[in-house]
Amino acid sequence: MSVLVLLLAVGAACCLGFGFVLQQNAAQRAPLNDFLSPRLLLDLMRVPRWLGGLGLMIAGMVLGALALGKGEISLVEPLLATNLLFALALSRHQTGQPLGRQGWAGLLMLAGGVSAFIVAGEPRGGSAVGDPVRHWLIIGAMVGVALVLTTYAKRSRLSWGPVLLATAAGLLYGVQDALTRVSGTRFSEGGLMELFTGWQPYGVLVCGVTGLILVQSAFETASLRMSLPALTAAEPLAGILCGVGFLGDRLRTDTGALAWEAAGLAAVVAGIVVLGLHPAMPSGAAEPAPLARDLQRR
């Protein structure tokens, strides 16, 4: 593993984790009338804490894009999943909760799962699949699932809605990571002209903005315990699927390696869930702000 890729990916995870916590702190006070609406972003732009979280999130995405440009997506995505560790660290600082057995167990499962997947799979680059049909089938399937999850989330916004929205956003962010990798390749091969004559950079923008609205709507209606684990688990799974499916990433496929890869991913997801349910994570939405209460009355 390249040390530079490791540092870039972990730095991205740090920025993303801190950014998500700051965004949720602000979004939980937003008017519920803005649920799943672009107006939500306009309202949140007036909140300094949210802007700080957004800045950290953008910094994380830039570092993640640099990591994706130098390493395989199947390697970078599991490392990005460690953003939950940094989110927990900031939440723990805010709440004063000790890490405890649950925190250490989740930390070990997440770190051990990432290590097991990388060591067993030995992600390495290969030739990207040129057939556009395969690209659209994989991307279309994940976007379609995200749309279905969002539709159901509208009907249950205060129960399972936040989990569904966060999962949908994670799928879109996984697609965004894959398209970022493709966009970087196009830029390195032909500069700006080659980059902007393809549809991929515009797909990055659409996935990013749509995912941001979904994430903020999830943060608005529920605690980090419900939303962040789903988001953190869905993104690497979607990114790895894109990497292996059409970006040319290769993993070891012998029986022993596949078993360890599956066990590693399962441990990553389990660790994410355990950490997401840790008492240090904010457990409930704050009391609505005056603006939110006024709009809710109307």
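Scroll up a little and you will see the structure.
A.B. asks: Where do I start with the overall build of the protein chain in this structure?
C.D. replies: Within the protein chain, the regular secondary structure consists of twelve helices and zero strands. Sequence-ordered secondary structure for the protein chain, helices as α and strands as β, is α-α-α-α-α-α-α-α-α-α-α-α. The buried share of the protein chain, taken over its 298 residues, is 52%. At a minimum sequence separation of 6, the contacts of the protein chain that also span at least 24 residues come to 86%. Carbon and sulfur atoms provide 67% of the accessible area of the protein chain, an area that totals close to 13300 Å². Of note, the protein chain has its 20 positive side-chain charges centred 9 Å away from the centre of its 16 negative side-chain charges.

A.B. asks: Explanation requested: the packing of aromatic side chains in the structure shown.
C.D. replies: Aromatic rings in a pair are described by how distant their centres are and how their planes are angled relative to each other. Taken as a whole, this structure holds four aromatic pairs when the rule is applied. Ring centres of F18 and F86 lie 6.2 Å apart, and the angle between their planes is 90°; on these two criteria the pair is classed as edge-to-face. Remark: F86 occurs in helix 5 (residues 83-95) and F18 occurs in helix 1 (residues 3-27); sequence separation between them is 68 residues. Arranged with centres 6.5 Å apart and planes meeting at 55°, the rings of F196 and Y202 form a pair that is tilted. The class of Y202 is partly exposed, set by a relative accessible area of 43%.

A.B. asks: So what exactly am I meant to see when it comes to the packing of helix 1 against helix 10 (residues 224-245) here?
C.D. replies: When two helices pack together, their arrangement is captured by the angle between the axes and the distance separating the axes. Here helix 1 crosses helix 10 at 145°, and the two axes come no closer than 12 Å. Here the hand of the crossing between helix 1 and helix 10 comes out right-handed. Contacts from F20, V21 and Q24 in helix 1 reach L224, L228 and L231 in helix 10. Along the lines of polarity and charge, the residues of the contact of helix 1 with helix 10 split into five nonpolar, one polar and no charged.

The rules behind these values
- Residues numbered from 1 in each chain as written.
- Predicted model: local features only at pLDDT ≥ 70, side-chain atom pairs only at ≥ 80, totals over all residues.
- Heavy atoms only, no water.
- Helix = DSSP H or I, 4+ residues; strand = E, 2+ residues; numbered from the N terminus.
- Buried < 20%, exposed > 50% of the residue type's maximum accessible area, 1.4 Å probe, protein only.
- Contact = heavy atoms within 4.5 Å.
- Areas by Shrake-Rupley, 256 points an atom, 1.4 Å probe, with all protein chains shown as cover.
- Lys, Arg positive; Asp, Glu negative; His and termini not counted.
- Charge placed at Lys NZ, Arg CZ, Asp CG, Glu CD.
- Phe/Tyr/Trp six-rings, centres within 6.5 Å; stacked < 30°, edge-to-face > 60°.
- Axes fitted to C-alpha atoms, helices over the stretch in contact; angles between N-to-C directions.
- Left-handed = near helix turned anticlockwise from the far one by under 90°.
- Nonpolar A, V, L, I, M, F, W, Y, C, P; charged D, E, K, R; others polar.

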